[in-house]
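Residue-level structural notes
So you can see what is in the structure, the chains are spelled out below.
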There are 2 protein chains.
Amino acid sequence: MTKPPGGKTGNGRPRLGMKEIARRAGVAPMTVSRALADPDKVSPQTRARIMEVIEREGFIRNQLASSMRSRRRIVGTMVPPLINSGIAEQVQGMTDACHAAGYQLLLIQGNFDTEAEEQAIRSLLGWQPAGLILQAFVQSPAARQLLSDGDYAVVEISEIRGRDPIDMAVGVSNFDTAYAMTAHLIDKGYRRIGFVSTPAHGNDRLQQRRIGYRQALLDRGHAYPESLEVEVPITPLGGADALAMLVERDSALDVIFCSSDTLAIGAVQECHRRGWAIPKRLAIAGYGDMDLAAQLFPRLTTVRVPRYEMGRRAVEQLLRRLAGEADLPAVVPIGFEIVDRESA
Amino acid sequence: MTKPPGGKTGNGRPRLGMKEIARRAGVAPMTVSRALADPDKVSPQTRARIMEVIEREGFIRNQLASSMRSRRRIVGTMVPPLINSGIAEQVQGMTDACHAAGYQLLLIQGNFDTEAEEQAIRSLLGWQPAGLILQAFVQSPAARQLLSDGDYAVVEISEIRGRDPIDMAVGVSNFDTAYAMTAHLIDKGYRRIGFVSTPAHGNDRLQQRRIGYRQALLDRGHAYPESLEVEVPITPLGGADALAMLVERDSALDVIFCSSDTLAIGAVQECHRRGWAIPKRLAIAGYGDMDLAAQLFPRLTTVRVPRYEMGRRAVEQLLRRLAGEADLPAVVPIGFEIVDRESA
DNA sequence: CTGTTAGCGCTTTCAG
DNA sequence: CTGAAAGCGCTAACAG
């Protein structure tokens, strides 16, 4: 069970290696390798004989050995916690795209600080990945250094505004999205707009959303008292708490713009508990357009960011780089959309 | 960029191998290997010298080569789609536990049919994992055969009632959970109890939940007209649709037991849209106790299944097997709990 | 405590 | 079209 590769295993037949398959097919191991990697280079008869043996005996190629000598087949990825953040969809997009192209996804997730992040990147690199897709990226200089020194293929799923990607980046401008939503709310007649964020420290994307919010207010001649901004954990409870804090600070608040649907949904529930009509007494806007947003009562006005698509595109971009495609854009902007529904 | 291991890379310094580190530290490669794997077997001075070089030059060990010759360090896992199902928490539990023990998680996710599932298992096995954790398991005989023949360490996260695990299993009895919730609802005085499930075909866990629901009704002398059971996709919209279908079939319906919180949340929204008081006009119960359940309005009565814990325990169980621990239980039941809140 | 040798399972390279 | 030899980067096993 714990025994290293090869050799007999417990009850069943021995796990066969390529050498053994070759022996049984009456060819050299190299021919088996070729039959698998490049069937055209082997005569139909030989190939058929090999395949027949493989079929019968159940050979599974050792990817470790294979990747060591030839093409790398792992895509390493580092993501924030999957819970409550829409990251799950991105991961789904990545795995789908990876498997379609014959790659495997090595996943590290967590709440990274600078040091843990560097450590995580090092462990990924140890597996000799064909490339890296980084999302939970706090951008320690050491990590950047590590990656650019090594000259790795890297796609960051990140803020794309005013950032110089290590290699390539896929994403939206969080500034633009938040700006657009804030402007949208102002255009709909809301005046006192609260802003709820999850802790933005060291997180470029969240910072950009806040700046976008502020800039939109400024551009339309509104003030942005910082008392109308709060930070809470990314849970529905956080959203409810934020609402409580904000209305305490400003009882005339019109609308709350939550930088995540999870928060917005929590805030909506809190309104229900208080018996406040949405959007009449207080309006709520979210960010992300998760599945529930369109089914919530009232349906949630939010920013749609196509997460699955982002994951898919990130892999696609990586594969193009690996294929040596020329003139690859360093930054791939993903479209977004203000989804105007009933909650605001 | 696409170049295989070793050798010079684009702009930066060459990526160093162990041999090169050894040379610079004035020792044999083996000594470097030992300094890393088992520091006590190297004299403090030598170790210090080696570490100093590694620190300075930035060595990252090639895990491919390392795993080939010695301990395997990959845990392969196959899971259902991460979206909307609480699986994300399980994956979080798995990654946390894996990384704490120095393993990496190789992830395959998807909507598997029998054939795709076998294929997925084969790809995981190709990486010579120390063990497998399987969750999206439709249990094709071929897949079972493959795994038991190979004598792999396997933990299934699955139904644990009346099932003979390939190797080990961690989970709850879905029968018991659904039975308990149904009995709870009957005890609270509900009489006409609808049941909403996601498509149960080929899914043991969902089938067991349905059987548990039926058995509880039977045991308490209720009938279970199959017209009170519906299957819908696992989305909030599915929950809303299910509600519409059920109340159409039986306008006197008391309560709907949804076999997933995602469905229950959708059903709750549909009640709000219709202006129906919960639980007065119609009660709703869920399954899973996801984050939002406790924050929903009204707070959701549901079955708490500790998903994160399940993921963590699955890895723990695997590690024990790998450590050669004797008398390991084949089945690890995870506790569950009926969480009684306001929605039912 | 340290080094040497051999080889994990596959594929590159070069020769038939 | 097929095969033999060599070696990817590391570590088990065995010296010293």
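Rules of the game
Residues numbered from 1 in each chain as written. Chains lettered and ligands numbered in written order. Predicted model: local features only at pLDDT ≥ 70, side-chain atom pairs only at ≥ 80, totals over all residues. Heavy atoms only, no water. Least-squares fit on C-alpha atoms with pLDDT ≥ 70 in both. Contact = heavy atoms within 4.5 Å. Near = heavy atom within 4 Å. Polar contact = N/O pair within 3.5 Å; in protein donor to acceptor, adjacent residues only side chain to side chain. Nonpolar A, V, L, I, M, F, W, Y, C, P; charged D, E, K, R; others polar. Helix = DSSP H or I, 4+ residues; strand = E, 2+ residues; numbered from the N terminus. Domains from an automatic or database assignment. Buried area = accessible area lost by both parts, 1.4 Å probe. Salt bridge = Lys/Arg side-chain N within 4 Å of Asp/Glu carboxyl O. 1 Å grid on protein atoms, 1.4 Å probe; cavity = no way out; pocket = protein on both sides within 12 Å on 5 of 7 lines; lining within 4 Å. Points joined across faces, edges and corners; volume = space filled by probe spheres on them. Axes fitted to C-alpha atoms, helices over the stretch in contact; angles between N-to-C directions. Left-handed = near helix turned anticlockwise from the far one by under 90°. Buried < 20%, exposed > 50% of the residue type's maximum accessible area, 1.4 Å probe, protein only. Pairing = 2+ DSSP bridges. Phe/Tyr/Trp six-rings, centres within 6.5 Å; stacked < 30°, edge-to-face > 60°. UniProt positions renumbered as here; feature names shortened; annotations may be inferred. Core = buried A, V, L, I, M, F, W, Y, C linked by side-chain atoms within 4.5 Å. Disulfide = S-S within 2.5 Å.

Per an unreviewed UniProt entry, chain A goes by the name LacI family gluconate utilization system Gnt-I transcriptional repressor and belongs to Kaistia hirudinis.

Before going further, it helps to spend a moment on the relation of the copies chain A and chain B. Note that the two copies of the chain are related through a rotation about an axis and a translation along the same axis. Between chain A and chain B, the superposition needs a rotation of 180 degrees and an axial shift of 0.1 Å, giving an RMSD of 0.1 Å. When the rotation and shift are considered jointly, the pair of chain copies conforms to a two-fold rotation axis. Closest approach to the rotation axis within chain A is made by the C-alpha atom of A:Leu106, at a distance of 2.4 Å. A share of 100% of interface residues in chain A that are also interface residues in chain B marks the association as one of identical surfaces.

Lining the immediate surroundings of DNA strand C are 25 residues, of which A:Met30, A:Ser33, B:Thr31, B:Thr46 and B:Arg69 lie closest. For DNA strand C, the fraction of protein-proximal atoms (within 4 Å) that sit in sugar or phosphate groups is 61%. Here a phosphate oxygen of DNA strand C sits 3.4 Å away from a polar atom, N or O, in the side chain of A:Arg61. At 2.7 Å, a backbone N or O of B:Ser43 approaches a phosphate oxygen of DNA strand C. Looking at the surface near DNA strand C, its residues break down into 10 nonpolar, nine polar and six charged.

Moving on to the environment of A:Ile160. Residue and element names in this part refer to chain A. Inspection of the secondary structure assignment puts Ile160 in the loop between β4 (154-157) and β5 (168-171). Each C-alpha atom, one on Ile160 and one on Gln215, is 17 Å from the other, the two residues being 55 residues apart in sequence. When near neighbours in sequence (up to four residues on either side) are disregarded, Ile160 contacts Ala169, Val170, Gly171, Val172, Ser173, Val331 and Pro333.

The next thing to look at is the domain arrangement of chain A. Residues and elements named next belong to chain A. As assigned here, chain A comprises domain 1 (18-68), domain 2 (71-173 + 308-336) and domain 3 (174-304). Across the contact, 14 residues belong to domain 2 and 16 residues belong to domain 3. Between domain 2 and domain 3 the total buried area reaches about 1200 Å² when both faces are included, carbon and sulfur atoms providing 46% of it. Counting the contacts that link domain 2 with domain 3 gives one salt bridge. Here Arg163 ties to Asp204 by a salt bridge, and the two come within 2.2 Å at their closest N and O atoms. Here domain 2 and domain 3 share eight residue pairs in polar contact (both at pLDDT 80 or more) between them. Of the residues in the side of domain 2 that touches domain 3, the class split is five nonpolar, six polar and three charged.

So, about empty space enclosed by the protein. As enumerated under the stated definition, the model contains three cavities of 30 Å³ or more in all. In this model, the largest cavity occupies a volume close to 520 Å³. Lining the largest cavity are 26 residues, and of these A:Asn84, A:Ser85, A:Met290, B:Asn84 and B:Met290 lie nearest its centre. Sorting the residues of the lining of the largest cavity by element identifies α5 (87-100) and α11 (261-274) of chain A together with α5 (87-100) and α11 (261-274) of chain B as the ones contributing at least two each.

Glancing now at the packing of helix α8 (residues 174-187) of chain A against helix α9 (residues 204-219) of chain A. All names here are of chain A. Contact pair α8 / α9: the axes reach a minimum separation of 7 Å and the direction vectors enclose 35 degrees. α8 and α9 meet at a crossing whose hand is right-handed. In contact with Asn174, Phe175, Ala178, Tyr179, Thr182, Ala183 and Ile186 of α8, α9 contributes Arg205, Gln208, Arg209, Ile211, Gly212, Tyr213, Gln215, Ala216, Leu217 and Asp219. Among the residues forming the contact of α8 with α9, the class breakdown is nine nonpolar, five polar and three charged.

So, about the protein's contact with DNA strand D. Within the structure, DNA strand D sits among 25 residues, and A:Thr31, A:Thr46, A:Arg69, B:Met18 and B:Ser33 are positioned closest to it. Restricting attention to atoms of DNA strand D within 4 Å of the protein, one finds that 62% of them are sugar or phosphate atoms. A distance of 2.6 Å is found between a base nitrogen of DNA strand D and a side-chain nitrogen or oxygen belonging to A:Arg69. B:Ser33 is positioned such that a nitrogen or oxygen atom in its side chain is 2.5 Å from a phosphate oxygen of DNA strand D. Every element with two or more residues in the surface near DNA strand D is listed here: α2 (29-37) and α4 (63-69) of chain A together with α2 (29-37) and α4 (63-69) of chain B. The class makeup of the residues in the surface near DNA strand D is 10 nonpolar, nine polar and six charged.

Moving on, we get to the pattern of salt bridges. Residues and elements named next belong to chain A. Inspection of the entire model under this criterion finds 54 salt bridges over all chains. A salt bridge links Arg341 to Asp289; the nearest nitrogen and oxygen atoms lie 3.1 Å apart. Highlighted residues: Arg341 in the segment after β12 (337-339) and Asp289 in the loop between β9 (283-285) and β10 (302-304), separated in sequence by 52 residues. Assessed through its relative accessible area of 13%, Asp289 is described here as buried.

Let us now look at the sheet that holds strand β2 (residues 104-109) of chain B. Strands in a sheet are paired, the pairing made by backbone hydrogen bonds, and the direction either parallel or antiparallel. In space, the 12 strands of this open sheet follow the order β11(A)-β5(A)-β4(A)-β3(A)-β1(A)-β2(A)-β2(B)-β1(B)-β3(B)-β4(B)-β5(B)-β11(B), with mixed pairing throughout. Because the sheet does not close on itself, it has two edges, and the strands there are β11 (331-333) of chain A together with β11 (331-333) of chain B. Pairs of neighbouring strands in the sheet enclose a mean axial angle of 20 degrees, with direction left out of account. Sheet contacts for α5(A): β1 (74-79), β2 (104-109), β3 (131-134) and β4 of chain A together with β2 of chain B; angle to β2(B), the most-contacted strand, approximately 80 degrees.

Residues and elements named next belong to chain B. Reading across from one edge, β7-β6-β8-β9-β10-β12 is the order of the six strands in this open sheet, with mixed pairing throughout. Here the strands that pair on one side only, and so sit at the sheet edges, are β7 (229-231) and β12 (337-339). The mean angle between the axes of side-by-side strands here comes to 20 degrees, regardless of whether they run parallel or antiparallel. In this structure, strand β9 (residues 283-288) lies alongside strand β10 (residues 301-304), joined through four bridges in parallel fashion. The residue of β10 that forms the bridge with Tyr287 is Val303. Against the sheet, α11 makes contact with β6 (193-197), β8 (255-258), β9 and β10, and its axis sits at roughly 160 degrees relative to β9, the strand it touches most.

Our focus in this paragraph is the packing of aromatic side chains. Scanning the model with the defined rule gives six aromatic pairs over all chains in all. Seen in terms of ring centroids, A:Phe195 and A:Phe257 are 5.6 Å apart; in terms of plane orientation they differ by 75 degrees. Their pairing is edge-to-face. Highlighted residues: A:Phe195 in strand β6 (residues 193-197) and A:Phe257 in strand β8 (residues 255-258), separated in sequence by 62 residues. Residue A:Phe195 shares its accessibility class with A:Phe257, and that shared class is buried. Aromatic pair B:Phe195 and B:Tyr213: ring centres 4.6 Å apart, planes at 20 degrees, arrangement stacked. Residue B:Phe195 is found in strand β6, and its partner B:Tyr213 is found in helix α9 (residues 204-219); the two are separated by 18 residues along the sequence. Taken together, the aromatic side chains of A:Phe195, A:Tyr213 and A:Phe257 make up a single cluster linked through ring pairs.

Further remarks concern the UniProt feature "domain: HTH lacI-type" (unreviewed entry) in chain A. Those places that UniProt annotates as "domain: HTH lacI-type" (unreviewed entry) correspond, in this numbering, to residues 16-70 of chain A. This span, residues 16-70 of chain A, is 69% helix and 0% strand, and a straight line between its end C-alpha atoms measures 21 Å.

Counting residues in each nonpolar core, the largest one holds 140 residues, and the members touching the most others are A:Phe257, A:Ile284 and B:Ile284. A:Ile60, A:Met78, A:Ala120 and B:Ile108 belong to the second largest nonpolar core, which has 43 residues in total.

So, about the state of the cysteines. Residues and elements named next belong to chain A. Tallied over the full model, the rule gives zero disulfides over all chains. We note that Cys271 lacks a disulfide partner, and the nearest cysteine sulfur, in Cys258, lies 9.5 Å from it. A relative accessible area of 0% means that Cys271 is categorised as buried.

All names here are of chain B. Covered by surrounding structure in strand β4 (residues 154-157) are Val154 and Glu156 together with Val155 and Ile157, the residues of both alternating faces. Looking at chain direction, β4 and strand β5 (residues 168-171) are connected through three bridges and run parallel. Bridged to Ile157 within β5 is Val170.

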